[in-house]
Amino acid sequence: MSGPAPARPPLLEVHDLTVNFSGSDGVARAVDGVDLTVEEGETVGLVGESGCGKSVTALAILRLVEPPGHIAHGSSVRLGGRDLLALGAKEIRAVRGNHVALVFQEPLSALNPVLRIGNQIAEAIRAHEAVTRGTARWRAVEMLTAVGIPDAKRRASAYAHQLSGGMRQRVLLAMALACRPQLLLADEPTTALDVTIQAEILELLDGLQRKLGMAVLLITHNLGIVAERTRRVYVMYAGQIVEEAATEQLFAAPAHPYTEGLLAAIPRLDERRDRLQAIPGQVPPATAWPEGCRFHPRCPHAWAKCGTEMPPLLEVTPGHRARCWLVKEPERRKK
Amino acid sequence: MRTRLALAIPLVLAACAKGPAGDAARAPGGTMIIATTGDADVLFPPVTSVTNGINVSDLLFCRLAELKLALNTVDDAGFRPVLARSWEHPDSLTIVFHLDRRAHWQDGAPVTAADVAFTFGVYRDPAVNSPLAPFLAAIDSVTARDSFTVAFRFRRWYPEQLYDATYHMRVLPRHLLDTIPAARLATAPFARAPVGDGPYRFVSWAAGSEIALAADPAWFLGRPGLDRLIWRVTPELATAVSGLLAGEADAMEVIPARGQLERVQQATDVRLVPYPSPFYAAIVFNLRRPPFADRDVRRALAMAVDRETVVRSVFGPFAEVAVGATSPMQWIWSDSISQLPFDTAAAARLLDQRGWRRGGAGGLRSSHGAPLRFTLLVPTSSQVRQQAAVIVQDELRRLGVDMRIQPLEFTVMERRTQTGDFDAALISRTIDPSPASLLQWWSPGAGGNIGRYADTAFGSLAAAAMRARTRAEAAPLWRSALGRLNDEAPAVFLFSPRNNAAISTRFRNVTIRPDSWLATVTEWRVIEARHIARDRGAPRP
Amino acid sequence: MLRFAARRLAFAVVSVAAVVFITFLLVHAAPGEPMLGTPERALASPETMARQRTLFGLDRPLPEQFLRYARNLARGELGESFVLHRPVAAVLAEAVPNTLLLGGTALVASLLLGLAIGVVQAARHHSRTDTLLSAATLVLYSVPVFWLGLVLLLVFGERLHWLPVSGMTSAGLEDRLSSLGRAVDVARHLVLPAASLALVQAAAFARFQRSALVESLDAEYIRAARAKGLTERAVLLKHALRGALAPTLTLAGLSVPYFLAGSVLVESIFGWPGLGRVAYDAIFARDYNVITATALVSGVLVAAGNLLADVAVAIADPRVRLDQ
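Cut-off values and rules
All chains use their own residue numbering, which begins from 1 and follows the written sequence. Going through the entries in the order they are written, you letter the chains from A and number the ligands from 1. In keeping with the predicted nature of the model, local features appear solely for residues at pLDDT of at least 70, side-chain atom pairs appear and are counted solely at 80 or more, and the whole-chain, interface and lining totals rest on all residues. Side-chain metrics in this entry use all non-hydrogen atoms of the structure; hydrogen atoms and water are not considered. We count a stretch as a helix when DSSP gives it H or I for four or more residues in a row; a strand needs E for two or more, and each element gets its number in order from the N terminus. Atoms counted for the radius of gyration: C-alpha only. Globule rule: 2.2 Å times residue count to the power 0.38. For this analysis, residues touch if any pair of their heavy atoms sits within 4.5 Å. Note on areas: Shrake-Rupley, 1.4 Å probe, and residue coverage restricted to the protein chains presented here. We count Lys and Arg on the positive side and Asp and Glu on the negative side, and we leave His and both chain ends out. Charge positions are represented by NZ for Lys, CZ for Arg, CG for Asp and CD for Glu. For every residue, the accessible area obtained with a 1.4 Å probe (protein chains only) is divided by the maximum for its type, and the residue is called buried under 20%, exposed over 50%, and partly exposed between those limits. Pairing between strands is defined by DSSP: at least two bridges between them are needed. Each cavity reported here is a set of points on a 1 Å grid over the protein atoms alone in which a 1.4 Å probe fits but cannot get out, each pocket an open set with protein on both sides within 12 Å along at least five of seven lines, and each lining residue one with an atom within 4 Å of a point. Grid points are joined across faces, edges and corners, and a volume is the space filled by probe spheres set on the points. Three residue categories are used. Nonpolar comprises Ala, Val, Leu, Ile, Met, Phe, Trp, Tyr, Cys and Pro, charged comprises Asp, Glu, Lys and Arg, and polar comprises the others, including Gly. Once two parts are put together, the accessible area they lose, assessed with a 1.4 Å probe and summed over both, is termed the buried area. Between Lys or Arg on one side and Asp or Glu on the other, a salt bridge is scored when a side-chain nitrogen of the former is within 4 Å of a carboxyl oxygen of the latter. Residues adjacent in sequence count toward polar contacts only when both atoms are side-chain atoms; beyond that, a polar contact is any pair of N or O atoms within 3.5 Å, and within protein one must be able to donate a hydrogen and the other to accept it. Given a helix with a known number of residues, its expected span is that number minus one, times 1.5 Å. The criterion is simple. A nonpolar core is a set of buried Ala, Val, Leu, Ile, Met, Phe, Trp, Tyr and Cys residues joined through side-chain atoms within 4.5 Å. Lines fitted to C-alpha atoms define the axes, with helix axes restricted to the stretch in contact, and inter-axis angles between N-to-C directions lie between 0 and 180 degrees. The patches reported here contain residues having more than 30% relative accessible area and no salt bridge. Joining distances are 9 Å for like charges and 5 Å for nonpolar side chains (Val, Leu, Ile, Met, Phe, Trp, Tyr). Whether a crossing is left-handed or right-handed is set by the direction in which the near helix is turned from the far one by less than a right angle, anticlockwise for left-handed and clockwise for right-handed.

### With respect to the overall build of chain A
When you go through chain A residue by residue, the secondary structure sums to eleven helices and 13 strands. Computed over C-alpha atoms, the radius of gyration of chain A comes to 21 Å, within 12% of the 20 Å expected from 2.2 N^0.38 for 335 residues, which places it in the range of a compact globule. Dimensions of chain A, computed from C-alpha atoms along their principal axes, come out at roughly 65 × 50 × 45 Å. For chain A, contacts bridging at least 24 residues in sequence account for 64% of all contacts bridging at least 6. Approximately 15,000 Å² of chain A is accessible, and the part contributed by carbon and sulfur atoms is 51%. In chain A, 39 side chains carry a positive charge and 36 a negative one; their mean positions are 6 Å apart.

Right, here's the structure in full:
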């Protein structure tokens, strides 16, 4: 699925992004040398279990990692060729919410409980555009209508706790899209919602994306969600990208045992089972990534080399890479 | 307050119209701000009880006659005329006063004999319940003979008749009060905004904060030297002194703490004016209780206390060792009064003789197994008395006597001493200029005799003194009586503090009568070269 | 909401009634009795005092006295001061506004100062400024009000002559001042006593506000606000402070007793003619009616403080307002 190389630089180009958290029990490398790109208008998936570093990656793109976390030297985040990590405080603020917006996982906690929702949208507009209070409020109502909130004018003066979960997520979307960003970082945008509403919100997101022509980095633990919406997928484990591929390719022929595990965990209508039942064990803590391949303690195929040498991202086919020695020694795969 | 001011201004105008206008124009004027730690209670002389209330109402209301500075309470020559221009003794039970016809109330009405008679009635009325009523017990009646002549009829003859007739009462305006029921007089509006006949008129009173008086330019004895007197309530003594040093206030009646006195001594714009105080402090024994019923035990304890050491360590130079149940303010005070010596050896011998022998734990004396031990009550309100108690405790311990100190809140201690529930108490007494007050504290059955002291020898000496016709005759008798009291030791008379007024050096002609520090304030002046903003802030006529 | 308010009001009334009852019992049970004179002059004879007791009905059995007091209170009568010979209501009417001015100023000043310090600290938490301010507020918090008052008085009043040391007005100059001049004069007199009361409590508010803010800065909506591109200032003042205000406002409501107790000391030091002085003098003189009435007024003020804090919290936090 590799197209011709784009003439312009990609919209978002993350290179060797590393985020460290220094704590009392040593330094945790929550994100470790992540490379990823998002083209204009493209939808890209970033998939992994919670704790794998995908949320931190999103925050790091907007430099919202808070102490004790910090982005390591040598990392680079380019937006349309501009290095976001080199910007001053004022310049990065002009990017946040304006060129790149973020939608959070928990709509209830991401909305300020003591401020009216219309106000919270309007302030995002006023942070970037020189408009009057009245105009901003009017635009906020318009945004609320756009995300499908009925009676938006009245709802604008409601508080978050007065809305249902789905409504809140719509409000969050309205807030994020108020300034028509080029890129939306959507961090588990539907996890907190029940299934029918999940579908509604994702549909809404699709529609808005088409309307606004923006790119989306869809961050989720659920491969099922990325299957129909994304062109390419990155799979993340223990702070690293472990596999990247065109979506079809990934689903058809996953190369990394972890990806296989994730695929096996997609809930199906015909059976009921627990998430990630297919992968025994747990994600190790960021302070103690295992030696060698970080997945090897949980990997059904692991052999001695996996415990000592960390595999690089190895090319399976053009545009499909995986961080697994099996790419080189497929015979070791157990049946 | 605004309405009061509005009422006061036309009164000032009216008064000016009548007064000697030329004199008013030349008057130096000026304002004196007096810092006081307590507010007044009420400005109605029959019931006014706290110091500041008395100070203020004294300037609003006149007596018939005033004691001169020497406070001679016996001879007629000791008094100067005020409302009474003159007086005579037609017989031994009568004094007839001739009122000064110039005297008038601040609303313009003249002061008349009817006012005087009315006043006597108010002071004696049980419904008014004046604490001063007992002092008027010897007066049988007061009658107006004509508008300006009033006769006082006494139940018996005694030399201090004139003192009793004039000192306790301040004449009240009958025409403003006679419609008010006696029981309501103290709570009537008059009692918080009085109309008087004195050198100063009432201007305003902000409770807990400030009382202002203005000179009555038409006062019949001449316009006062200072235009305004303002009392500022500053409860904390240290703050009051700070205000004085910062120039916010001009004067204080007394500075009762040594540390604060020393701050004033270092100041250049404020000086201390010492004067005898009307107080003495004493350890009073409760003669109802065993060890103190024994005269020799009391004498031994008295001899064991080095009063000189107590006074110097507590007060430094600011107090006198008491020569007896008196203060230097009274004319009977004398170094010649016989006192028990400080003699610990004699004290020890005396206790040994009475069976209180050493030998208990810590060298404590005991008799028949009972240790010589008692509790001294001291009020928490008085730091000096608490300090003195500690020194006395130490001195008595050396004699083998265990004195325990129990600090009590003032009202609680008063209650205990009034009901006889105490061993010994370190009390302070406020005395009148008249030595007759001795009987109030030390004669059998008197309300102030908390220790139940009773001695016929003292009684007959005092009675003889009360009958003496002149001060010269009375003095030796009173001094013998005081000597007898010392010898009997119903109490250890410790000290009489020397009062120190603090007064800005802006003022001249300052004299102080010990029983009433502002008695001569009409003579005080501001040095003209040292007028400041508030001196020019006097009410404009 | 209405039912909630009614319940709170009823609770307040019952509390105040309980305060009055307990105070009445306590003052009568306390040793000592009224009108035994003052430390300066113990003039009154036992006979005079006995008569006075009869006049005021103090010789009656306690239950009877209480019933009479309660009956009068129900009619809005607070009785008469034994010492001042005037209606207690008149005494309070003069003192309460002064105390409200002093205590109110101190409360508002301490709240504003405490919030400001807390915000500065939270904005740079774990920085050197934060540590220094934490130490400073801890020291200030442990300073006795009385001592602080005396120090302020000596330094700014007596030594530097910047501010007057006592009273509410400049004695002898009132007549010459315009009404604005008088207001300024009162304000100048207010500075030191209000500061003595306010500084200690400001330290408490600051410590409280800092921890509440630091906690609320951890919230997801703060990150969301930053992600919108808001300035740190807007994040802190609009998003973090608003939500973190409730505990401090509640504390402010609960601090009314502190200001009342502190005013007894501060009013004494600075000669401020307020309720604290009235209460102090009344307790000393066992002026029962005045003591009970000051307890009543204090109880009402405390209840009002709590009620006001509830309202303020409801304004600041819609969850409280709308959940009732």
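### A look at the pairing of strand E8 (residues 183-187) of chain A
All names here are of chain A. Of all five residues in E8, five are buried, a share of seventy percent or more. Neither face of E8 is open: one carries Leu183, Leu185 and Asp187, the other Leu184 and Ala186, and all of them are buried. Here four bridges tie strand E7 (residues 100-103) to E8, and the two strands are oriented parallel to one another. Of the residues in E8, the one forming a bridge with Ala101 is Leu184. Where E8 and strand E9 (residues 215-220) come together, five bridges link them in parallel fashion. By the bridge assignment for E9, Asp187 is matched with Ile219.

### What about empty space enclosed by the protein?
This model, assessed by the stated rule, comprises seven cavities of 30 Å³ or more. Estimated volume of the largest cavity: approximately 100 Å³. If you go around the largest cavity, the residues you meet are Gly97, Ala101, Leu102, Phe104, Ala124, Leu172, Met175 and Ala176 of chain A together with Ala224, Ala227 and Lys228 of chain C. Mapped onto the lining of the largest cavity, the elements with two or more residues apiece are E7 and helix H7 (165-177) of chain A together with helix H8 (220-227) of chain C. Per-element accounting of the lining of the largest cavity gives the leading share, three residues, to H7 of chain A. Looking at the lining of the largest cavity residue by residue, the class counts come to nine nonpolar, one polar and one charged. Taken as a whole, the second largest cavity spans an internal volume of roughly 70 Å³.

### Overview of unusual backbone geometry
The backbone of Asp151 of chain A sits at a positive phi, close to 55 degrees, despite the residue not being glycine. Relative to the elements of secondary structure, Asp151 of chain A occurs in the loop between helix H5 (133-146) and helix H6 (152-155). One non-glycine residue with positive phi stands out, namely Asn129 of chain B, at about 55 degrees. When you line up the elements, Asn129 of chain B lands in the loop between helix H4 (113-124) and strand E6 (139-146). Given a relative accessible area of 4%, Asn129 of chain B falls into the buried group.

### Points about the interface of chain B and chain C
Contact with chain B, which involves 58 residues of that partner, is made by 53 residues of chain C. Summing both partners gives a buried area of about 4,600 Å² for chain B against chain C, and 54% of it is carried by carbon and sulfur. Our count for the contact surface shared by chain B and chain C stands at three salt bridges. Put simply, Arg263 of chain B and Glu158 of chain C hold a salt bridge, and the shortest N to O gap is 2.2 Å. On the surface where chain B and chain C come into contact, there are nine residue pairs in polar contact (both at pLDDT 80 or more).

### A few points about helix H8 (residues 195-212) of chain A
Residues and elements named next belong to chain A. Compared with the 26 Å implied by 1.5 Å per residue over 18 residues, the 26 Å span of H8 between its first and last C-alpha is a close match. All buried positions along H8 are accounted for by Gln198, Ile201, Leu202, Leu204, Leu205, Asp206, Leu208 and Gln209. Downstream of H8 by one or two residues, Gly213 has phi in the positive range, about 65 degrees.

### What about the interface of chain C and chain A?
Facing 22 residues of chain C, the contacting portion of chain A comprises 26 residues. Together chain C and chain A conceal approximately 2,200 Å² of surface at their shared face, both sides included; 59% is due to carbon and sulfur atoms. Linking chain C to chain A there are four salt bridges. Glu123 of chain A is the salt-bridge partner of Lys228 of chain C, the closest N and O atoms lying 2.8 Å from each other. If you look at where chain C meets chain A, you find ten residue pairs in polar contact (both at pLDDT 80 or more). Residue assignment for the side of chain C that touches chain A shows that the elements contributing at least two residues are H8, helix H9 (232-254) and helix H13 (318-323) of chain C. Looking at the side of chain C that touches chain A element by element, the count peaks at six residues for H8 of chain C. Among the residues making up the side of chain C that touches chain A, the classes are represented as eight nonpolar, four polar and ten charged.

### Considerations on the side chain of Asp41 of chain B
You can see Asp41 of chain B is positioned in the loop between strand E1 (31-36) and helix H3 (51-60). Summary of buried charges: Asp41 of chain B has no salt-bridge partner, and the nearest side chain of opposite charge, Arg192 of chain B, is 7.9 Å away. Within polar-contact distance, the side chain of Asp41 of chain B engages the backbone nitrogen of Ser49 of chain B at 2.8 Å. A distance of 3.2 Å separates a polar atom in the side chain of Asp41 of chain B from the backbone nitrogen of Val50 of chain B. Setting aside residues no more than four positions away along its own chain, Asp41 of chain B makes contact with Val47, Thr48, Ser49, Val50, Gly53, Arg192 and Trp205 of chain B together with Val83 and Leu84 of chain C.

### Here we look at the nonpolar core
The biggest cluster of nonpolar side chains holds 181 residues, and the ones touching the most others in it are Phe152 and Trp442 of chain B. Per element, the largest residue contribution to this core is eight residues, and it comes from strand E20 (residues 491-504) of chain B. Those residues in contact with Phe152 of chain B that lie beyond four places of it in its chain are Leu64, Leu93, Thr94, Ile95, Phe97, Val116, Ile139, Ser141, Val142, Ala165 and Met169 of chain B. Among the nonpolar cores identified, the runner-up in size contains 105 residues, and Leu62, Leu173, Leu185 and Ala215 of chain A belong to it.

### Observations concerning the environment of Gly222 of chain B
Residue and element names in this part refer to chain B. Along the chain, the position of Gly222 falls in the loop between strand E9 (210-215) and strand E10 (228-233). Overall, the relative accessible area of 30% leaves Gly222 in the partly exposed class. With 154 residues separating them in the primary sequence, Gly222 and Lys68 have C-alpha atoms 18 Å apart.

### Description of the sheet that holds strand E11 (residues 240-246) of chain A
Residue and element names in this part refer to chain A. Strand order in this open sheet of eight strands is E7-E8-E9-E3-E10-E11-E13-E12, and the pairing throughout is mixed. Looking along the sheet, the strands with just one partner apiece sit at the ends: E7 and strand E12 (314-317). Strand-to-strand twist across the sheet, computed as the mean angle between neighbouring axes with direction ignored, equals 20 degrees. Across four bridges, the pairing between strand E3 (residues 43-47) and strand E10 (residues 232-237) is parallel. Within the sheet, the bridge partner assigned to Gly45 lies in E10 and is Val233.

### Observations concerning a nonpolar patch on the surface
Residues and elements named next belong to chain C. Together, Phe21, Ile22, Leu25, Leu26 and Leu62 give the surface a local cluster of nonpolar side chains, amounting to about 430 Å² of exposed area. In terms of residues, the nonpolar patch owes the most to one element, helix H1 (residues 2-29), which gives four residues. Mapped onto the elements of the fold, Leu62 is located in helix H3 (residues 62-74).

### Observations regarding the arrangement of the chains
The protein chains that touch form two pairs of chains, and the pair with the most contacts between them is chains B and C. With respect to C-alpha atoms, chain A approaches chain B no nearer than 46 Å, and the pair has no contact.

### Examining the side chain of Asn55 of chain B
All names here are of chain B. Turning to its location among the elements, Asn55 is positioned in helix H3. Reaching out from Asn55, the side chain makes a polar contact with the side chain of Glu253 at a distance of 3.0 Å. When sequence neighbours within four positions are dropped, the list of residues in contact with Asn55 reads Trp231, Glu253 and Trp517.

### A short note on helix H17 (residues 471-488) of chain B
Residue and element names in this part refer to chain B. Given a rise of 1.5 Å per residue, 18 residues ought to cover 26 Å, and the 25 Å separating the end C-alpha atoms of H17 matches this to within 8%. Within the sequence span of H17, burial applies to Ala474, Ala475, Trp478, Ala481, Leu482, Gly483, Leu485, Asn486 and Glu488. In the core, the buried residues of H17 are packed alongside helix H10 (295-304), helix H15 (437-442), helix H16 (456-467) and E20.

### Structural notes on the packing of helix H4 (residues 88-123) of chain C against helix H5 (residues 128-141) of chain C
All names here are of chain C. At their nearest, the axes of H4 and H5 sit 9 Å apart, and the two run at 145 degrees to each other. Relative to H5, H4 is oriented so that their crossing is left-handed. Touching Ile117, Val120 and Gln121 of H4 are Asp130, Leu133, Ser134 and Thr137, all from H5. When its residues are assigned to classes, the contact of H4 with H5 shows three nonpolar, three polar and one charged.

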